[in-house]
Protein chains: 2
Amino acid sequence: MEQDQSRSEKPGHPPAQAMLHELRTAENSAAHVLPTLQSMKASNPQVKLLDVGAGSGTISVSFAQLIPDGHVTGVDLNANILPRARAVAEKAGVQNIDFQQGDVSKPPFADESFDMTFCHQVLIHIGKPWDALREMLRVTKRGGVVAAREGDYETECVWPELPGLRKFHTLMAGAMSAGGGTPTAGRQLVSWALKAGGGSVERSQITLSYSTSSYRTASERQTCAQGLCDQLRGGSLRAKALKFGLGTEDELEEMAKAWEEWAKRDDASLAMLHGEILVQK
Amino acid sequence: MEQDQSRSEKPGHPPAQAMLHELRTAENSAAHVLPTLQSMKASNPQVKLLDVGAGSGTISVSFAQLIPDGHVTGVDLNANILPRARAVAEKAGVQNIDFQQGDVSKPPFADESFDMTFCHQVLIHIGKPWDALREMLRVTKRGGVVAAREGDYETECVWPELPGLRKFHTLMAGAMSAGGGTPTAGRQLVSWALKAGGGSVERSQITLSYSTSSYRTASERQTCAQGLCDQLRGGSLRAKALKFGLGTEDELEEMAKAWEEWAKRDDASLAMLHGEILVQK
């Protein structure tokens, strides 16, 4: 749930804290994009897609599988994640893809380079997300589409409501805000796209939708809790929490224990709303 | 968004405050049920379905259209809504349906009468929702399914965050609680189903999912705002707010004006998570 900027690991072995990110595919995390991508492919099989903030690249790779005659470029600010993304592509046997280091606020591409420019759980973590959207518009061809899907963390819906989970929610929202992010990103996407356009994007060019992500079954809860516990006990979230005074070591351990208890509870689940936009350029 | 218990109107002319309820269909409000209903129909076209808290009957009628050789029974606590539900069915040309007055906590049917027993936005409004689920289980045949979809009002996600809309959220949650309801119903459905079963329902018999409802386009926002303004200016919500001291007349008017402003804003939207369960008996 946290866009991790500090992963540094062996390509073949992601840390557990990246496991949650690596469950993401185009099908489960970019469903709102797929009909448009299919239409693009029908009129031009050589679709060029840019995935900004690609991380471990699981979404990028599944995009590449959907456009076998096209090409996907994944960029991430963190150069250390690129070997892992390349390993994910290689394992999937996907060759119409490349990964590069790059900043979402200054993507290293010429104007109008891509048919579709996509990001997932990126704008929620950065200051001035409209500047990033403006750059995404810049590198997108006229007639192309800029697409985003961002969580709305204030809609996080967890049961049972254990005290440690409430503290975790406050910690996560605090960590996002401390990094310049916006926990209510999902609901603000249209507002940001209009601001990015600076008058050149009309509301009629934007399609807004909402979807959910959730952990409901015993095995989903186990995976989720493991990933979050690893972030609380050793990951970048822990470092950020301690750095910004968002929680003590004891509190982080209380949160981890609460997630472990949650995972074992038959009636437990976790869900969240995500906002989704398609901007027709 | 409020289950209205006090509607009393001419069958052909629903008040605007019921308009939001009448947008509901099986397709948009019971999608999690449809694959199971199709399977039931394939093995037995004469499926018997009970819709508890059917209100104006728009969901019941669309269920009836999906099982033309089956039968739908809609019950509602409020006898005054039944003529409207019958008018909705008649207008749709649906005959395999009947509507009766009945209490969700004591549905007037023998044990094991229905193949599927369904409710939508009912459990969120009542005390001891597990008792209602236990009764739904009772009237459902062995091998049948109890299904529910309930909002989780604490996940309400609105933009822009106008002060009047924040007050409205507090009012609605307060009105639900004052009536014995549970604003966080959506996340508690599995817990309630297990409690209803009293040991006879295992977690493995329950399928949990989450979905969204939202108002995003200009015309959707207009419909939504109109319905909510009518409830604030003259409906049962107003009566309840004033009765329980949840808002003054001036505050209710401030909320209505905020919804009117919201409807006009290009970047505005409203979304919410809903919990959904299927319980295999």
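Residues numbered from 1 in each chain as written. Chains lettered and ligands numbered in written order. Predicted model: local features only at pLDDT ≥ 70, side-chain atom pairs only at ≥ 80, totals over all residues. Heavy atoms only, no water.

Chain A appears in an unreviewed UniProt entry as Methyltransferase domain-containing protein from Phialophora macrospora.

Participant: Would you take a moment to explain the packing of helix 7 (residues 163–178) of chain B against helix 11 (residues 249–264) of chain B for this structure?
Facilitator: A pair of packed helices can be characterised by two numbers: the angle between their axes and the separation between those axes. Residue and element names in this part refer to chain B. Their axes nearest at 8 Å, the elements helix 7 and helix 11 cross at an angle of 120°. Here helix 7 lies oblique to helix 11, going by the angle between them. Considering only the axes of helix 7 and helix 11, their crossing is left-handed. Residues Pro 163, Gly 164, Leu 165, Lys 167, Phe 168 and Leu 171 of helix 7 form the contact with helix 11, whose own contacting residues are Leu 252, Glu 254, Met 255, Ala 258, Trp 259 and Trp 262. Considered class by class, the residues forming the contact of helix 7 with helix 11 number nine nonpolar, one polar and two charged. (Axes fitted to C-alpha atoms, helices over the stretch in contact; angles between N-to-C directions. Helix = DSSP H or I, 4+ residues; strand = E, 2+ residues; numbered from the N terminus. Parallel < 35°, antiparallel > 145°, perpendicular 65-115°, else oblique. Left-handed = near helix turned anticlockwise from the far one by under 90°. Contact = heavy atoms within 4.5 Å. Nonpolar A, V, L, I, M, F, W, Y, C, P; charged D, E, K, R; others polar.)

Participant: How do you make sense of the UniProt feature "domain: Methyltransferase" (unreviewed entry) in chain A when you look at a structure like this?
Facilitator: Within this numbering scheme, the UniProt entry marks residues 45–153 of chain A as carrying the feature "domain: Methyltransferase" (unreviewed entry). Structurally, residues 45–153 of chain A is divided into 27% helix and 34% strand, and its ends, taken at the C-alpha atoms, are 36 Å apart. (UniProt positions renumbered as here; feature names shortened; annotations may be inferred.)

Participant: Teacher, can you tell me more about the relation of the copies chain B and chain A here?
Facilitator: Put simply, the second copy of the chain is the first one after a rotation about an axis and a shift along it. For the pair chain B and chain A, the best superposition has an RMSD of 0.0 Å and corresponds to a rotation of 180° with a translation of 0.0 Å parallel to the axis. Expressed as a symmetry operation, the mapping of one chain copy onto the other fits a two-fold axis. Considering only C-alpha atoms, the part of chain B nearest the rotation axis is B:Thr155, at 2.2 Å. Same-surface contact between copies: 100% of interface residues of chain B are shared with the interface of chain A. (Least-squares fit on C-alpha atoms with pLDDT ≥ 70 in both.)

Participant: Please explain the sheet that holds strand 6 (residues 206–215) of chain B as it appears in this structure.
Facilitator: Whenever strands of a sheet pair, they do so through backbone hydrogen bonds, lying parallel or antiparallel. Residue and element names in this part refer to chain B. What the seven strands build is an open sheet, ordered 3-2-1-4-5-7-6; its pairing is mixed. Looking along the sheet, the strands with just one partner apiece sit at the ends: strand 3 (97–101) and strand 6. Sheet twist, expressed as the average angle between the axes of neighbouring strands with direction ignored, equals 20°. Inspection of the sheet shows strand 4 (residues 114–120) paired to strand 5 (residues 140–159) by six bridges, in the parallel sense. For His 120, the partnering residue across the bridge sits in strand 5 and is Arg 149. Its contacts with the sheet place helix 4 (residues 58–66) against strand 1 (48–52), strand 2 (71–76), strand 3 and strand 4, and it is angled at close to 150° to strand 3. (Pairing = 2+ DSSP bridges.)

Participant: I keep staring at unusual backbone geometry and nothing clicks. Help me out?
Facilitator: Only a minority of non-glycine residues have a phi that is not negative, and only a minority of peptide bonds are not trans. A cis amide bond links A:Trp159 to the next residue, A:Pro160, at an omega of -5°. Mapping A:Pro160 onto the fold places it in the loop between strand 5 (140–159) and helix 7 (163–178). Phi angles above zero are rare outside glycine, and A:Gln121 is one such case at about 55°. Here A:Gln121 shows up in the loop between strand 4 (114–120) and helix 6 (129–138). If you check the backbone angles, B:Lys128 has positive phi at about 45° while not being a glycine. The residue B:Lys128 is located in the loop between strand 4 and helix 6 (129–138) in this model. You can call B:Lys128 exposed: its relative accessible area is 53%. (Buried < 20%, exposed > 50% of the residue type's maximum accessible area, 1.4 Å probe, protein only.)

Participant: Mind showing me how you'd approach the pattern of salt bridges here?
Facilitator: Taken as a whole and assessed by the stated rule, the structure comprises 32 salt bridges over all chains. Residues A:Asp152 and A:Arg187 are paired through a salt bridge, measuring 2.7 Å at the closest nitrogen-oxygen approach. Taken together, the residues A:Asp152 in strand 5 and A:Arg187 in helix 8 (residues 185–197) connect sequence positions 35 residues apart. Judged by relative accessible area, which is 0%, A:Asp152 ranks as buried. Residue A:Arg187 is classed as buried on the basis of its relative accessible area of 7%. A single network of salt bridges, built from pairs that share partners, joins A:Asp152, A:Arg187, B:Glu161 and B:Arg166. (Salt bridge = Lys/Arg side-chain N within 4 Å of Asp/Glu carboxyl O.)

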